[in-house]
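Geometric and topological summary
The chain contents come next:
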Amino acid sequence: MELYNLKHPSQEVNFSQAVQLGLGKDRGLFFPKTIPVLADVDALLALPFAERSKKVLGAWLSDELGQESVDKLVDSAFTFDVPLANVDDKRACLELFHGPTLAFKDFGARFMAQCVNLLAGDKKLTILTATSGDTGAAVADAFYGLDNVNVMVLYPKGKISELQEKMFTTLGKNIHTVAVTSDFDACQHLVKQAFDDTDVRDGLALNSANSINISRLLAQICYYFEAVAQAKKAGKDEIVMSVPSGNFGNLTAGLFAKAMGLPIKRFIAATNSNDTVPRYLQDGAWQPHKTVATMSNAMDVSEPSNWPRVEAICEQMGWPLSLVTGVALSESETASALAELYQRGYQSEPHAAIAAQALTLGLTGDESGIFLGTAHPAKFKDVVDQQLAIDLPLPPELAAVVEKPILSAELDANFEQLKAHMFSVLK
């Protein structure tokens, strides 16, 4: 697999290098020179999820890693179900929250951890990542206990749910967490500064586990194939995918799937009040506003890092950006969308509710819609209970961390403070 830096196309790497570097020169994103097109998608859609995923990922990686290695990576990473739950005649939810940390990011984080374990050998690495909610737990769980990998997760203090926080801040060992007294964009900026600092980048063998890492995106392609496979078995065609969007890695993976030949008609990028992309798609002006806190906190991102990849895919494939429609919901609209699903007998949470309502607003004619359920509703128990006047029971994974103490350090959004802290705990 050959990739290049979108900011500096002369910087070219293979998959192994891209996984271990994370970012390219000047924080450029790595992007594949070519996107493999699958010969017989219908035959693939008839396969079970894991067997199909081996072929999908093999199309990208078998030349470099060998198909046997790809198969082992999939067998180790994808060990949980991906059900498609009908909500009504027009909408279904692809439930991506049946993994160990109850969020879609288990797919990418577990696959990346297996890749790092395969590719890095005895080399000591530091994974530095920022989270607006679910990335932290998925990455921490995936890398927990690995001998040659330290993990540091930055998150905005007081701006993620307590249950989300406890899933990754109570582990200890090789998992280090920092509560930053600012918002997610500030956390993401600190990560970028660390990669720009040669002392930190080289001295700690820095890597990132955000969706900027290509291994995570490739893993996420696989569940789009599963969504379409299940929809087609139910007799659904003309499929529109509605994606709850924060840093836009999820949408990027969906576009890669379509580029490989998966019959998805179009996409809806569903956001909350942090609506940089919907406004950009409407008027062509990229004007990020200050990030605002919402009940759908994992989408509280005003400057999504993966957007350059979205545009690069469309350019490479000759697709208009109108393939993606932007829909933004206010807080009151989010609350109404959550209640509407509940009244229909489907228990959801704010992020998926936004994507579900985006389908209601956007489907036309014979189209069928699939929205992504990116997290278990109980991860947002406080919000769900308050909005729906219920007492949502906790699944075992969350009940196990309720009483555990948070082990995070607390820092200002100051890079010199972070740098000193990193060298004090990671060296």
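How each quantity is defined
- Here the residue numbers are simple positions, counted from 1 along each chain's written sequence.
- In keeping with the model being predicted, local features are shown solely for residues with a pLDDT of at least 70 and side-chain atom pairs are shown and tallied solely at 80 or more, while totals for entire chains, interfaces and linings include all residues.
- Derived side-chain values reflect all non-hydrogen atoms in the structure, with water molecules and hydrogen atoms excluded from consideration.
- Only when DSSP finds a minimum of two bridges between them are two strands counted as paired.
- The way it works is that DSSP assigns letters per residue, a run of H or I at least four long becomes a helix, a run of E at least two long becomes a strand, and they are numbered from the N terminus.
- Whenever a helix is involved, its axis is fitted only over the stretch in contact; in every case the axis is a line through C-alpha atoms, and angles between N-to-C directions fall within 0 to 180 degrees.
- UniProt positions are given in the numbering used here, feature names are shortened, and annotations may be inferred rather than shown by experiment.
- Both site types are read off a 1 Å grid over the protein atoms alone. A 1.4 Å probe that fits but cannot get out defines a cavity, while an open set with protein on both sides within 12 Å along at least five of seven lines defines a pocket; lining residues have an atom within 4 Å of a point.
- Grid points are joined across faces, edges and corners, and a volume is the space filled by probe spheres set on the points.
- Think of it as three bins: nonpolar holds Ala, Val, Leu, Ile, Met, Phe, Trp, Tyr, Cys and Pro, charged holds Asp, Glu, Lys and Arg, and polar takes everything else, Gly as well.
- Two residues qualify as a contact provided that any one of their heavy atoms is within 4.5 Å of a heavy atom in the partner residue.
- Nitrogen and oxygen atoms within 3.5 Å of one another constitute a polar contact, given that in protein one can donate a hydrogen and the other can accept it, and given that sequence-neighbouring residues count only through two side-chain atoms.
- For every residue, the accessible area (1.4 Å probe, protein chains only) is compared with the maximum for its type, and the residue is labelled buried under 20%, exposed over 50%, or partly exposed between those bounds.
- When the centres of two rings from Phe, Tyr and Trp lie within 6.5 Å, Trp using its six-membered ring, the rings pair. Their planes under 30 degrees apart give stacked, over 60 give edge-to-face, and anything left gives tilted.
- Within this document, salt bridges are pairs made up of a side-chain nitrogen of Lys or Arg and a carboxyl oxygen of Asp or Glu, the two lying within 4 Å of each other.

1. Focus on the sheet that holds strand 11 (residues 266-271)
Overall, mixed pairing links the 6 strands, which are arranged 4-5-13-10-11-12 in an open sheet. Looking at the sheet topology across the chains shown, the edges are occupied by strand 4 (84-86) and strand 12 (324-328). The sheet shows a mean angle of 25 degrees between the axes of neighbouring strands, direction not considered.

2. Section: the UniProt feature "domain: Tryptophan synthase beta chain-like PALP" (unreviewed entry) in the protein chain
The sites that UniProt annotates as "domain: Tryptophan synthase beta chain-like PALP" (unreviewed entry) are residues 95-361. Taken end to end, residues 95-361 is 48% helix and 15% strand, and its two terminal C-alpha atoms sit 21 Å from one another.

3. Observations concerning the layout of surface pockets
Rolled over the atoms, a probe as big as a water molecule pinpoints where empty space is left. Taken as a whole, the largest pocket encloses approximately 400 Å³ of empty space. The wall of the largest pocket is formed by 20 residues, among which Arg27, Lys192, Pro304, Ser305 and Pro308 lie closest to the centre. Elements with a minimum of two residues in the lining of the largest pocket: helix 8 (184-196) and helix 13 (307-317). Estimated volume of the second largest pocket: approximately 240 Å³. Lining the second largest pocket are 16 residues, and of these Leu21, Leu23, Phe195, Arg201 and Leu206 sit closest to its centre.

4. A short note on empty space enclosed by the protein
Enumeration over the complete set of coordinates arrives at 4 cavities of 30 Å³ or more. In this model, the largest cavity occupies a volume close to 260 Å³. Lining the largest cavity are 25 residues, with Phe104, Lys105, Gly246, Asn247 and Ala298 positioned closest to its centre. Contributions of two or more residues to the lining of the largest cavity are made by helix 6 (134-143), helix 10 (214-233) and helix 11 (249-259). If you tally residues by element for the lining of the largest cavity, the top one is helix 11, at 3 residues. Each residue belonging to the lining of the largest cavity can be placed in one class, and the counts come to 9 nonpolar, 13 polar and 3 charged.

5. Details of the environment of Asn207
Residue position: Asn207 is located in strand 9 (residues 206-207). Between the C-alpha atom of Asn207 and that of Thr129, which follows or precedes it by 78 residues, the distance is 8.3 Å. In this view, Asn207 contacts Val19, Gln20, Leu21, Gly22, Met112, Thr126, Ile127, Leu128, Phe195 and Asn213; residues no more than four positions away in its chain are not counted. For Asn207, the side chain forms a polar contact with the side chain of Asn213, separated by 3.4 Å.

6. Points about the pairing of strand 13 (residues 368-373)
The buried fraction of strand 13 amounts to 6 of the 6 residues, a majority that puts the element mostly inside the structure. Here strand 13 shows no split at all, with Ser368, Ile370 and Leu372 on one side and Gly369, Phe371 and Gly373 on the other all buried. Pairing analysis gives 5 bridges linking strand 5 (residues 91-95) to strand 13, with the strands arranged parallel. Bridge pairing links Leu94 to Leu372 in strand 13. Here strand 10 (residues 239-244) runs beside strand 13; their pairing, made up of 4 bridges, is parallel. Across the sheet, residue Ser242 finds its bridge partner in strand 13, namely Phe371.

7. Section: the packing of aromatic side chains
Scanning the model with the defined rule gives 17 aromatic pairs in all. Ring centres of Phe248 and Trp307 lie 5.5 Å apart, and the angle between their planes is 90 degrees; on these two criteria the pair is classed as edge-to-face. Residue Phe248 is found in the loop between strand 10 and helix 11, and its partner Trp307 is found in helix 13; the two are separated by 59 residues along the sequence. A residue is classified by how much of its surface remains accessible, and Trp307, at 3% relative accessible area, is buried. One aromatic cluster is present, built from ring pairs that chain together Phe49, Phe78, Phe80, Phe107, Phe111, Tyr223, Tyr224 and Phe267.

8. Some remarks on the pattern of salt bridges
Here the structure, examined in full by the defined rule, presents 21 salt bridges. For Lys33, the salt bridge identified is with Glu12, shortest N-O distance 2.9 Å. Placement of Lys33 in the loop between strand 3 (30-32) and helix 2 (41-45) and of Glu12 in strand 2 (residues 12-14) is noted, with a sequence separation of 21 residues between them. Given the relative accessible area of 31%, Lys33 is considered partly exposed. Here Glu12 falls in the partly exposed class, since its relative accessible area comes to 46%. One network of salt bridges, in which partners are shared, links Asp88, Arg91, Glu340 and Arg344.

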